[in-house]
Amino acid sequence: MPILDKKLANIQAGNYTPADFIIADAKDGDIGFGRAAPVADPNKPGQHTPRATHLQAIRDMTKTGLVDIMLMSASTAERLSKEGLFEGSDVTPAIRLNDTTDIWSARGGRYREEASRHHRTARVDQARKIADLGLYSVTFSNQRDIDAENAEAYTAFRADASANNMRHFLEVFNPAFDIKLTGDADMGAFINDNIVRTLAGVMEADFPKFLKLQYNGPRAMEELASYDPASLIVGILGGSAGTARDTFELLSQAEKYGARVALFGRKIHLAESPIDIVTGMRQVVARDVTPEEAVKAYHGELQKKGIKPVRSLDDDIQITEDTLKQGA
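Treat the numbers as computed from the prediction; the structure is a model and nothing was measured. (Residues numbered from 1 in each chain as written. Predicted model: local features only at pLDDT ≥ 70, side-chain atom pairs only at ≥ 80, totals over all residues. Heavy atoms only, no water.)

Moving on to the pattern of salt bridges. Across all of its chains, the model carries 23 salt bridges by this definition. Across the pair Asp 68 and Lys 7 runs a salt bridge, and its minimum N-O distance is 3.0 Å. Placement of the pair is Asp 68 in the loop between α3 (51-64) and β2 (69-72) and Lys 7 in helix α1 (residues 3-12), with a sequence separation of 61 residues. You'll find Asp 68 and Lys 7 in the same group, each marked buried. With a shortest N-O distance of 3.1 Å, Glu 113 and Arg 110 are connected by a salt bridge. Judged by its relative accessible area of 49%, Glu 113 falls in the partly exposed class. Connected via shared salt-bridge partners are Asp 28, Arg 96, Glu 171 and Lys 212. (Salt bridge = Lys/Arg side-chain N within 4 Å of Asp/Glu carboxyl O. Helix = DSSP H or I, 4+ residues; strand = E, 2+ residues; numbered from the N terminus. Buried < 20%, exposed > 50% of the residue type's maximum accessible area, 1.4 Å probe, protein only.)

With that out of the way, let us pick up the nonpolar core. Of all hydrophobic cores here, the largest spans 86 residues; its most connected members are Leu 199, Leu 211, Ile 236 and Phe 248. Setting aside anything within four residues of it in sequence, one finds Leu 211 in contact with Leu 170, Ile 195, Leu 199, Leu 224, Leu 232, Ile 233, Val 234, Gly 235 and Leu 263. (Core = buried A, V, L, I, M, F, W, Y, C linked by side-chain atoms within 4.5 Å. Contact = heavy atoms within 4.5 Å.)

This brings us to the pairing of strand β4 (residues 133-139). Burial analysis of β4 places seven of its seven residues in the buried class, which makes it a mostly covered element. Of the two faces of β4, the one holding Leu 133, Leu 135, Ser 137 and Thr 139 and the one holding Gly 134, Tyr 136 and Val 138 are both buried throughout. By the bridge criterion, two bridges tie strand β3 (residues 92-96) to β4 in an arrangement that is parallel. Along β4, the bridge assignment pairs Arg 96 with Leu 135. In the sheet, β4 pairs with strand β5 (residues 167-173) via seven bridges, with the strands oriented parallel. Within β5, the position partnered with Thr 139 by the bridge is Phe 173. (Pairing = 2+ DSSP bridges.)

Let us look at the packing of aromatic side chains. Considering all chains together, one arrives at five aromatic pairs under this definition. Ring centres of Trp 104 and Tyr 111 lie 5.2 Å apart, and the angle between their planes is 85°; this geometry places the pair in the edge-to-face category. Considering the side-chain rings of Phe 169 and Phe 210, the 4.5 Å spacing of their centres and the 15° angle between planes classify their relative orientation as stacked. Placement of Phe 169 in strand β5 and of Phe 210 in the loop between α7 (187-199) and β6 (211-213) is noted, with a sequence separation of 41 residues between them. Clustering of aromatic rings is evident, with ring pairs tying together Tyr 136, Tyr 154 and Phe 157. Positioned above the aromatic ring of Tyr 154, the side-chain terminus of Arg 158 is 4.7 Å from the ring centre. Over the face of the ring belonging to Tyr 16 we find Arg 260, whose NZ or CZ atom lies 3.8 Å from the ring centre. (Phe/Tyr/Trp six-rings, centres within 6.5 Å; stacked < 30°, edge-to-face > 60°. Lys NZ or Arg CZ within 6 Å of the ring centre and 35° of its normal.)

This is the structure we're talking about:
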């Protein structure tokens, strides 16, 4: 049984320990950011390195075995699978199977100013030849017709996935603009209710293996994670790069309040040393070090390797994300 499946089984059986925490490297940025997905070119201000840099970062991280899942676009997964990267590896490849309009992040684009609409470029039948795990994304915008249409698209996707024996996990973004919530409900409550409402109509055979959503604070995380831990495994997404402390603090707080999966993109991708940042993540989730200690250790590794940090230690050890300040 693959490591990922063993961890999922332990979590669902109520036998979770920190060793079962699942970490995914979200290297699917090309399907959202396009040409700007690879890291910036240090020798050409305002430009980005070629795709080869992006592919090599995936190879390097996969070979460490530090992550449980490597999430990629379909074309990236195809290329690296043909190389045999995942043969004999404990890392499970996963493919982003839809690209909703709120991840269309072309430079100068305005797509995030409007409600997210469903869209699929990748074909499930082709993706299944490479991997048996995929990501499907939904964003609830508090607009009846659009949310209903998106929910129906998710139903169609599940039928397609079932026909091709493809497992999936479900990503739920916070909307990128004011959706005019009523009463005293906050975003965490709105998201939680829509997740549970949507999945109430999904049978076990089509149920997502776990969730990927934004951390909306301790109360919202604990509320969702405690709802049905035997079947609804909650995971968090990373969001913007932030400081190293933001990365480690998010992981620590989310795990404390019930998250069992972390799928980080920019927090890994844009780190000065992605492998060292994930090493620190593993230490934090194992509770071997505190988030603050992890930042200091990370800077120590950068210094040993002669890597110039983006921020000073004093700046990088600060919590800058408002949601994390609530639980610190």
